[in-house]
Amino acid sequence: MTLSTGKTGRGTTFMLGAGSPPDFTAVANVSSINLAGQNAEEIDFTHLQSTGGFREFKQGFKDPGTISLELHFDPTNATHVDLLDRFISGDVFDWRINFQGAGWEKWWTGQGFIQNPGDVTINPNDPVGGTATVRITGQTSFVDPT
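As the structure is a prediction and not an experimental result, all values here were calculated from the model.

**Describing the pattern of salt bridges**
In step 1: With the rule as written, the count across this model stands at four salt bridges.
In step 2: Residue R55 is joined to D44 by a salt bridge in which the shortest nitrogen-to-oxygen separation is 2.9 Å. One end of the pair, R55, is in the loop between strand 4 (39-44) and strand 5 (57-63); the other, D44, is in strand 4, with eleven residues separating them in the sequence.
In step 3: R55 sits in the exposed class, given a relative accessible area of 55%.
In step 4: A salt bridge links K106 to D144; the shortest N-O distance between them is 2.7 Å. Residue K106 is located in the loop between strand 7 (93-98) and strand 8 (107-116), and its partner D144 is located in the segment after strand 10 (129-143); the two are separated by 38 residues in the primary sequence.
In step 5: Judged by its relative accessible area of 33%, K106 is partly exposed.

**So, the confidence of the model for the protein**
In step 1: Put simply, the protein has an average pLDDT of 95, and 100% of its residues get 70 or more.
In step 2: At the level of individual helices and strands, the protein shows its lowest average pLDDT in strand 9 (residues 120-121), which scores 94, and its highest in strand 7, which scores 98.

**Some details on a nonpolar patch on the surface**
In step 1: Among the surface-exposed residues, L84, F87 and I88 lie close enough to one another that they form a single nonpolar patch of about 290 Å² accessible area.
In step 2: Relative to the assigned elements, F87 resides in helix 1 (residues 78-89).

**A few points about the pairing of strand 7**
In step 1: Counting buried positions along strand 7 yields five of six residues, so the element is predominantly enclosed.
In step 2: As paired elements, strand 1 (residues 13-18) and strand 7 share four bridges and run antiparallel to each other. Considered in strand 7, the bridge of L16 is made with W95.
In step 3: Alignment of strand 7 against strand 8, held across six bridges, turns out to be antiparallel. Looking at the pairing, R96 lines up with T109 of strand 8.

What counts and what doesn't
Residues numbered from 1 in each chain as written. Predicted model: local features only at pLDDT ≥ 70, side-chain atom pairs only at ≥ 80, totals over all residues. Heavy atoms only, no water. Salt bridge = Lys/Arg side-chain N within 4 Å of Asp/Glu carboxyl O. Helix = DSSP H or I, 4+ residues; strand = E, 2+ residues; numbered from the N terminus. Buried < 20%, exposed > 50% of the residue type's maximum accessible area, 1.4 Å probe, protein only. pLDDT = per-residue confidence, 0-100. Patch = residues over 30% accessible without salt bridge, like charges linked within 9 Å, V, L, I, M, F, W, Y side chains within 5 Å. Areas by Shrake-Rupley, 256 points an atom, 1.4 Å probe, with all protein chains shown as cover. Pairing = 2+ DSSP bridges.

Below, the structure is given as structure tokens:
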């Protein structure tokens, strides 16, 4: 039997870049990272001689999606304040998902802006929760750490 090469996400970090070349800082207390919504438009290339009466498609522009972060919110933490500051500025920044802590020598990198600085959930039985959404812009890449 072949063993799985899968790993848990434990140790993975989401990092915000600043400067050029960017210095990266891990966002504190992140409990989950979800990259969603990647898809490609389809262009219909069907013509009157299309084989068997079937439509033909080709890939159009690609949408890189969004990254949703869930975190234990701390308004005194500089990285949580930075998320709000970046939302207010609207600036595009470099980001990185660092898989090294989970045991893979890879970074997922790209650029984006803060689309939603987050919702905060407060109740007596859980840590104060927060969310943030990064809208990815442009192509993303898996790269080896440098």
